[in-house]
Amino acid sequence: MPEHASEVTAAGIARLAGVGRAAVSNWRRRHADFPRPVGGTDSSPSFALADVERWLREQGKLAEVPLRERLWQQLADDPESLTAALVRAGCALLLVQDRPALWRELADSSDSAADSAAGSAADPAAADERMAELLPTALEQVLTARFGADRADLFRAALPAPGQPAPGSMPLLRSAAALAAELGPRDAFAFLHGRFLDAGSRQYTPTPEAAAALMAAVADPAPGSTVLDPAAGSGALLAAVPRPGTLLAQDTDPGPTALAALRLALGSDAAVRARAADSLRADAFPDARADTVLVHPPFNERNWGHDELAYDPRWEYGLPARTESELAWVQHALARLRPGGTAVVLMPPAAASRRSGRRIRAGLLRRGALRAVVALPAGAAPPYGIPLHLWVLRKPAAGEAPAPELLLVDTAELPGATGGRDRIDWPAVHDAVLGAWRPFAAGTPGAPDDTPAAARRVPVIELLDDDVDLAPARHVPPPATGADAGELLRVRERLADTLRLTAELTPRPAPPATPAPWPLTTVGELARAGALLLRAGTTHPGAGAAPPAGTTAAVLTEQDVLTGAPPSGPLPEADTDSAAADAVRVQAGDVVVPVLGGGSVVRVVDEATAGAVLGRNLHLLRPAPDALDPWFLAGFLRGTANTRQASSHASTATRLDVRRLQLPRLPLADQRRYGERFRALAAFEDALRLAGRLGERLVRGLFDGLTDGTVPPG
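Residues numbered from 1 in each chain as written. Predicted model: local features only at pLDDT ≥ 70, side-chain atom pairs only at ≥ 80, totals over all residues. Heavy atoms only, no water.

Under the annotation held in an unreviewed UniProt entry, the protein carries the name N-6 DNA methylase and is attributed to Streptomyces yaizuensis.

Given below as structure tokens:
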């Protein structure tokens, strides 16, 4: 839910105090005077902001509300809507950026007029009224210069009209200008726009920056080019274009489209033209001849205008079926290109093989309009559960011979590219796609040795069969699995060595014994006594590049702990500076516990993992060396009865309350005896895990080698 100035959620309280949400939950449990909820739901309550601020100050946890938080609260409390308030703030930020002298003149003149009217005492209300009178004319100038004379429909609802001052908005705009002085206008708007998208994450699905950067790199528009996005959304695709000349943006919702236009204007010097309408039904740029079109269209739309657009001239390659809205967007993109221009369209994988679209796909191939189909890893862009495709198209010029080949690239099986939404190795994906596309686009003849393993140039004639199936996975051979006989022999030798080690490490069965009557303590009691430090991980792995080998600038994720893998999550871009200083970094000897799933996996951090950032859904226990042995601690935390009594069940997930985990009170010498035993069991577990991986690799390699002929049956 949006956080209003009168009410704030637990997440908002955490931001105000500069702590994690777990700290807010602890305050609610431990302090009887913590403010009671005034709204929201049981799972996401809201609190009166005034009460929260008073409590935080009394506790010494809040010296001053940060400017960015005060501004966000002003936006969220706008009587009209959060979207309209953010548009007004964005317009003021654009004025501050493009006409800083004019903004200072407005602010100074309104303050001077207020002082004159009130004598020697300043009158803030009079200053706001004076600025509200002067501001519309100044905004009219800067908005017309950046968005054109016909931009009024997009911004009219959010701006005060000349002669109709709205002094109530002036404190908001002054706060926006103050934040611009602190961060810069572009970064100030980026913060507010990002918070807006996060607040409406279920309503908006922006294209991730890494995917947008890849699409822009494939299109490679020349500096000063005209670039169109007919389904602009948050403006991410157009924002990824370097040095554009003109940016054309269209989408159905006026508010988000205005915000996207402001994002683009604040982020570049390009002329921005933005319109709010359905591009298929009411094309705002029917005469445009763009150099480049980038688009992430809505998928699986049945009501896209099939009946009323049946005779539209854009369907040069055939009328799309009612179930093929994506092919309508493909032809719309081609229709808005100049001859020789390039379009890159993000597509669902089914569009490459559905029988209802085969006639249009065949037409695109015969005319040479479709140049490449690229399969991305699952998680590259929403919807995150499926491996989307990029279609690269080129507008055929008159009399030009159609291209004889189609480039197919499959990055879904690249090493490091199959980890899901937050674990894609984007540099590897970029290298594979651009390494195949750029020589192909330049007309460089392809040779088997020069073509990347993830790509194949397929003659168009081979694809023009009854199915016209363009899915790269059906035509591109899988990446090499190392299934030659020599490599498989080496894998077999490693497996044999590992199995021998596993046999040596297999623990001997112990004689029956009665349970020991130990005095018990809990992790929570040990933390309060100072015997260990308890911290929670909050970092989400980013969508950027994975850290270079040998560095520790990585996130230790929940999956890494469960599988025994090294830290694999890249830090979010925002965490590379200020947030990185607040991240929890693990040290050798720390014990890391996943809190979801009700499992009994615990990991003791070694020197190779030390320095990694603790990821989300993980807790860190750092034992005092003179009080606790880390392997003793880790071993007893893995007991099935222990994890069961410390687990709770909420909804469909099982969550472990780390503070309730128990372990016996034993002298340090006895702890170390148990610790050595637990360390040996962990080594046995690691050997079993390695044997399983090697066995799977050997079996897969033999199957692949036997089926492709690289391994003889003997």
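A. Here's a closer look at the overall build of the protein. On a plain count of helices and strands, the protein comes out with 24 helices and 23 strands. Contacts in the protein between residues far apart in sequence, at least 24 positions, make up 72% of those at least 6 positions apart. Summing over all exposed atoms, the protein offers an accessible surface of approximately 33900 Å²; the carbon and sulfur share of this is 52%. (Helix = DSSP H or I, 4+ residues; strand = E, 2+ residues; numbered from the N terminus. Contact = heavy atoms within 4.5 Å. Areas by Shrake-Rupley, 256 points an atom, 1.4 Å probe, with all protein chains shown as cover.)

B. Summary view of the pairing of strand 11 (residues 405-410). Extensive coverage of strand 11 is indicated by the burial of five of its six residues. Bridge count for strand 9 (residues 370-375) against strand 11 is four bridges, and the pairing is parallel. Residue pairing for strand 11: Val373 is matched across the bridge by Leu408. In terms of strand pairing, strand 11 meets strand 12 (residues 455-459) through five bridges, oriented antiparallel. Each bridged residue has a counterpart across the sheet, and for Glu405 the counterpart in strand 12 is Pro459. (Buried < 20%, exposed > 50% of the residue type's maximum accessible area, 1.4 Å probe, protein only. Pairing = 2+ DSSP bridges.)

C. Structural view of the sheet that holds strand 2 (residues 39-40). With respect to topology, three strands assemble into an open sheet ordered 1-3-2, the strand pairing being antiparallel. The open sheet is flanked by strand 1 (7-9) and strand 2, the only strands paired with a single partner. With respect to the sheet, helix 1 (residues 10-17) is in contact with strand 1 and strand 3 (45-48), its orientation differing from that of strand 1 by roughly 90°. (Axes fitted to C-alpha atoms, helices over the stretch in contact; angles between N-to-C directions.)

D. Seen up close, the pattern of salt bridges. Per the stated rule, a full pass over the model turns up 23 salt bridges. Ionic pairing is found between Glu308 and Arg281, a salt bridge with its closest N-O pair at 2.8 Å. Taken together, the residues Glu308 in the loop between strand 7 (290-295) and helix 14 (325-335) and Arg281 in the loop between strand 6 (271-276) and strand 7 connect sequence positions 27 residues apart. When its relative accessible area of 35% is taken as the criterion, Arg281 is described as partly exposed. Note that Asp467 and Arg355 form a salt bridge whose closest N and O atoms lie 2.9 Å from each other. In this pair, Asp467 sits in the loop between helix 17 (460-463) and helix 18 (485-505) while Arg355 sits in the loop between strand 8 (337-347) and helix 15 (358-367), placing the two residues 112 residues apart along the sequence. (Salt bridge = Lys/Arg side-chain N within 4 Å of Asp/Glu carboxyl O.)

E. Representation of the packing of aromatic side chains within the structure. Taken as a whole and judged by the stated rule, the model has 11 aromatic pairs. Judged by centre distance (4.8 Å) and plane angle (70°), the ring pair of Phe34 and Trp55 falls under edge-to-face. In this pair, Phe34 sits in the loop between helix 2 (21-30) and strand 2 while Trp55 sits in helix 3 (residues 49-58), placing the two residues 21 residues apart along the sequence. Summarising the burial analysis for this pair, Phe34 and Trp55 share the class buried. Seen from their ring centres, Trp437 and Phe440 are 6.0 Å apart, and the 45° between their planes marks the pair as tilted. Of this pair, Trp437 and Phe440 are both found in helix 16 (residues 426-441), three residues apart, which corresponds to roughly one turn of the helix. The residues Trp437 and Phe440 share a single accessibility class, namely buried. Put simply, the rings of Trp518, Phe632, Phe636, Tyr674 and Phe678 pair up and form one aromatic cluster. Its guanidinium or amino end placed over the ring of Phe191, Arg68 lies 4.6 Å from that ring's centre, counting from NZ or CZ. (Phe/Tyr/Trp six-rings, centres within 6.5 Å; stacked < 30°, edge-to-face > 60°. Lys NZ or Arg CZ within 6 Å of the ring centre and 35° of its normal.)

F. Region of the structure containing the side chain of Ser234. Mapped onto the elements of the fold, Ser234 is located in the loop between strand 4 (226-229) and helix 12 (236-239). A relative accessible area of 9% places Ser234 in the buried class. With residues near it in sequence (within four places) discarded, Ser234 still touches His193, Leu197, Pro206, Ala260 and Arg263.

G. Molecular detail of the packing of helix 10 (residues 185-199) against helix 13 (residues 254-267). At a closest axis distance of 9 Å, the pairing of helix 10 and helix 13 adopts a crossing angle of 155°. It follows from the interaxial angle that helix 10 and helix 13 lie roughly antiparallel. The element helix 10 and its partner helix 13 pack so that their crossing is left-handed. The segment helix 10 lies against helix 13, with Pro185, Arg186, Phe189, His193 and Phe196 engaging Leu259, Leu262, Arg263, Leu266 and Gly267. The class makeup of the residues in the contact of helix 10 with helix 13 is six nonpolar, two polar and two charged. (Parallel < 35°, antiparallel > 145°, perpendicular 65-115°, else oblique. Left-handed = near helix turned anticlockwise from the far one by under 90°. Nonpolar A, V, L, I, M, F, W, Y, C, P; charged D, E, K, R; others polar.)

H. Summary view of a positive patch on the surface. Side chains of Arg29, Arg30, Arg528 and Arg659 sit close together on the surface and give a patch of like positive charge. Assignment of secondary structure puts Arg29 in helix 2. (Patch = residues over 30% accessible without salt bridge, like charges linked within 9 Å, V, L, I, M, F, W, Y side chains within 5 Å. Lys, Arg positive; Asp, Glu negative; His and termini not counted. Charge placed at Lys NZ, Arg CZ, Asp CG, Glu CD.)

I. Molecular detail of unusual backbone geometry. Residue Pro382 is joined to Pro383 through a cis peptide bond whose omega torsion reads -5°. Note on placement: Pro383 falls in the loop between strand 9 and strand 10 (389-394). Within the chain, Asp220 stands out as a residue other than glycine whose phi angle is a positive 50°. Along the chain, Asp220 turns up in the loop between helix 11 (209-219) and strand 4. With relative accessibility at 56%, the residue Asp220 sits in the exposed group.

J. Fine view of the sheet that holds strand 16 (residues 569-570). Ordered in space as 16-15-19, the three strands form an open sheet in which the pairing is mixed. What marks the edges here is a single partner per strand, and that holds for strand 16 and strand 19 (613-614). As paired strands, strand 15 (residues 554-556) and strand 19 are joined by two bridges and run parallel to one another. Looking across to strand 19, one finds that Leu556 is bridged to Leu614.

K. Structural context of the confidence of the model for the protein. With 85% of its residues at a pLDDT of at least 70, the protein reaches an overall mean of 83. Overall, residues 1-5 carries pLDDT values under 50, and its contacts beyond four positions in sequence, including any with other chains, amount to 15 contacts. Here residues 574-581 is a poorly scored stretch, pLDDT under 50, and it has three contacts once near neighbours within four places are set aside; other chains count. (pLDDT = per-residue confidence, 0-100.)

L. Examining the nonpolar core more closely. One finds Leu75, Phe147, Phe155 and Leu294 to be the most contacted residues of the largest nonpolar core, which totals 91 residues. Top element by residues in this core is helix 5 (residues 82-98). It accounts for 11 residues. If sequence neighbours within four positions are ignored, Leu75 has contacts with Leu82, Ala85, Leu86, Ala89, Leu172 and Leu192. In terms of nonpolar packing, the next biggest core, distinct from the first, is built from 42 residues, Leu228, Leu248, Ala288 and Trp391 among them. (Core = buried A, V, L, I, M, F, W, Y, C linked by side-chain atoms within 4.5 Å.)

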